[in-house]
Amino acid sequence: MGSDISGMSPDVDLLVIGAGPAGLSAGQYGARAGLKTLVLEKTAPGGQALLIDRLENYPGWGAGGEALSGFDFIQNLQTQMADFGASLLNEEAVAIKKDGSLFRVTLAGGAEKTAAAVILATGALRRTLGVPGEARYTGRGVSYCATCDGPFFRRKKVFVIGGGDAACDEAWFLARLASKVVVVHRRDRFRAQRALAERVLCHPAIEVRFNTILREIKGDDDAVSSVVLERLPVTPTESEPLVYEDDGAAVFIFAGTEPQSGLAPDAAKDEAGYLRTGARMETSLPGLFAAGDLRAGAFRQVVTACADGAAAAHYAAAWIDAQRGAAYGAPA
């Protein structure tokens, strides 16, 4: 481990915050680059990847029906990272401060860790609806990612909950696979971009139900079988809402996500709070990088999160070398 330009030696060269696919990949590539690397995770490693029942769309994996679960995939990543020499610490980072050329990361218990560079891989949390059955059937018919889970419901009827860009885009994707897609939106019109909304409204395999709310998700022990919907009154003569049950094999919920970017209050973000980065995964704060779902404009898939983590670690290593006067590439 080297010293920073002021001569002080940090605790680690590279500190990664978050141990989902992006963070674990960053940890692996940081260690492979010869950096003393520490990954912080406040809960269990894996993030939203742990909810994946069968990871069948990771390139090179899952051929012949032998797809891994999200849990097994994360276990493999964690073991691989440790084999390369990176460490994992179950602690929550609560603040990041730049002190000269070092970063000081404060942990929940008050201790500090210093690092030459930091990668944020804290991801984004999906917004849930909190309706009965949602938590019980998550991973068994309730999903928050059509690209991930849509292929499991080919030629079946599915529901999409939401009216923004993501809901309309994912409904269009699901219409290629499902026998019928029912889009349920509580308002009387979509919030999505006009082109996306019109594409959904005109698709023969998509039915749109405006002024309608999801009230409950039902099923048996293994899978979703139906939903309870409530149609809201839209005219003065409709004094009572209409509550009814409708059969379906899956419910895809798109109520938005919340980027976990609070550790970088001064870094540039988009209007939704996602961190803006350049092609080298660098944020607007020198030495602070971001990877995975936290990044603005990211295609939020396991494979791209892993790629982000690898790239962020590579460019963080180049940035550290540049600061120490041993650059083998241009600084980020």
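Colleague: Give a description of helix α1 (residues 21–32) that names residues and reports values.
Modeller: In this model, α1 (twelve residues) spans 16 Å end to end at C-alpha, consistent with the 16 Å of a helix rising 1.5 Å per residue. Counting buried residues along α1, ten of its twelve residues qualify, which places the element largely inside the surrounding structure. Three or more residues of α1 are buried, namely P21, A22, G23, L24, S25, A26, G27, Q28, G30 and A31. Each element contacted by the buried residues of α1 is listed here: β1 (12–17), β2 (37–40), α2 (70–83), β6 (112–120) and α6 (302–323). Backbone geometry just downstream of α1 places G34 in the positive-phi region, at approximately 85°.

Colleague: Now, about α6: what can you tell me, with residues and values included?
Modeller: In this model α6 runs 31 Å from its N-terminal to its C-terminal C-alpha over 22 residues, within 8% of the 32 Å that 1.5 Å per residue would give. G325 lies just past α6 and shows a positive phi near 80°.

Colleague: Could you give an account of the state of the cysteines, naming the residues involved and the relevant values?
Modeller: For the coordinates displayed, the defined rule picks out one disulfide. Paired by a disulfide, C145 and C148 hold their sulfur atoms 2.3 Å apart. Disulfide C145 to C148: torsion about the S-S bond roughly 70°, handedness right-handed. Of the residues examined, C145 reaches a relative accessible area of 15% and is grouped as buried. Note on C168: no disulfide assigned, nearest cysteine sulfur contributed by C202 at a separation of 12 Å. The exposure class assigned to C168 is buried, which follows from its relative accessible area of 1%. On the basis of relative accessibility, which here comes to 65%, the residue C202 falls in the exposed class.

Colleague: Report on the pairing of strand β15 (residues 250–253), specifying residues and quantitative values.
Modeller: In regular strands, side chains alternate between the two faces of the sheet. Alternating positions in β15 separate into two faces, A250 and F252 on one and V251 and I253 on the other, with burial throughout. Here four bridges tie strand β9 (residues 157–161) to β15, and the two strands are oriented parallel to one another. Bridge pairing in β15 links V160 to F252.

Colleague: Explain the sheet that holds strand β13 (residues 224–231) residue by residue, including any values.
Modeller: Reading across from one edge, β12-β13-β14 is the order of the three strands in this open sheet, with antiparallel pairing throughout. Edge positions in the sheet fall to β12 (212–219) and β14 (242–247), since each has one partner strand and no second. Looking at each pair of strands side by side, their axes are set apart by 25° on average, direction ignored. Relative to β14, β13 runs antiparallel, the two being bridged by six bridges. Opposite R231, over in β14, you have L242 as the bridge partner.

Colleague: Give a description of the side chain of E230 that names residues and reports values.
Modeller: Tracing the chain through its elements places E230 in strand β13. Dropping the residues within four chain positions of it, E230 is found in contact with N211, T212, I213, R215, P241, L242 and V243.

Colleague: So what about the sheet that holds β9? Which residues, and what values?
Modeller: Strand order in this open sheet of five strands is β8-β15-β9-β10-β11, and the pairing throughout is parallel. On the outer flanks of this sheet lie β8 (142–143) and β11 (206–209), each paired with one strand and no other. As judged from the four bridges shared by strand β10 (residues 180–184) and β11, these two strands associate in the parallel manner. Each bridged residue has a counterpart across the sheet, and for V182 the counterpart in β11 is E207. Running over the sheet, helix α4 (residues 165–174) touches β9, β10, β11 and β15 and is turned about 170° from β9.

Colleague: Can you break down the pattern of salt bridges residue by residue, with the values?
Modeller: All chains considered together, the criterion is met by 15 salt bridges. Measuring nitrogen to oxygen at the nearest pair gives 2.7 Å for the salt bridge that ties D99 to R104. For E112, the salt bridge is made with R104, and the minimal N-O distance between the two is 3.3 Å. Here E112 falls in the partly exposed class, since its relative accessible area comes to 40%. Sharing partners across several salt bridges, the network here consists of K157, K180, E207, R209 and D246.

Colleague: Describe the packing of aromatic side chains, and please don't skip the residues or the numbers.
Modeller: Evaluated as defined, the whole model comprises three aromatic pairs. Seen from their ring centres, Y58 and F73 are 5.1 Å apart, and the 50° between their planes marks the pair as tilted. Taken together, the positions of Y58 in the loop between β2 and α2 and F73 in helix α2 put the pair 15 residues apart, joining distant regions of the chain. Given the relative accessible area of 4%, F73 is considered buried. It is R32 that lies over the ring of Y29; its NZ or CZ is 5.4 Å from the centre.

Colleague: Just give me the short version of the side chain of S261, but keep the residues and values in it.
Modeller: With respect to the helices and strands, S261 occurs in the loop between β16 (257–259) and β17 (288–290). S261 has contacts with K269, G273, L275 and L294, leaving out every residue within four places of it along the chain.

Thresholds, definitions, all that
Residues numbered from 1 in each chain as written. Predicted model: local features only at pLDDT ≥ 70, side-chain atom pairs only at ≥ 80, totals over all residues. Heavy atoms only, no water. Helix = DSSP H or I, 4+ residues; strand = E, 2+ residues; numbered from the N terminus. Expected span 1.5 Å × (residues − 1). Buried < 20%, exposed > 50% of the residue type's maximum accessible area, 1.4 Å probe, protein only. Contact = heavy atoms within 4.5 Å. Disulfide = S-S within 2.5 Å. Pairing = 2+ DSSP bridges. Axes fitted to C-alpha atoms, helices over the stretch in contact; angles between N-to-C directions. Salt bridge = Lys/Arg side-chain N within 4 Å of Asp/Glu carboxyl O. Phe/Tyr/Trp six-rings, centres within 6.5 Å; stacked < 30°, edge-to-face > 60°. Lys NZ or Arg CZ within 6 Å of the ring centre and 35° of its normal.

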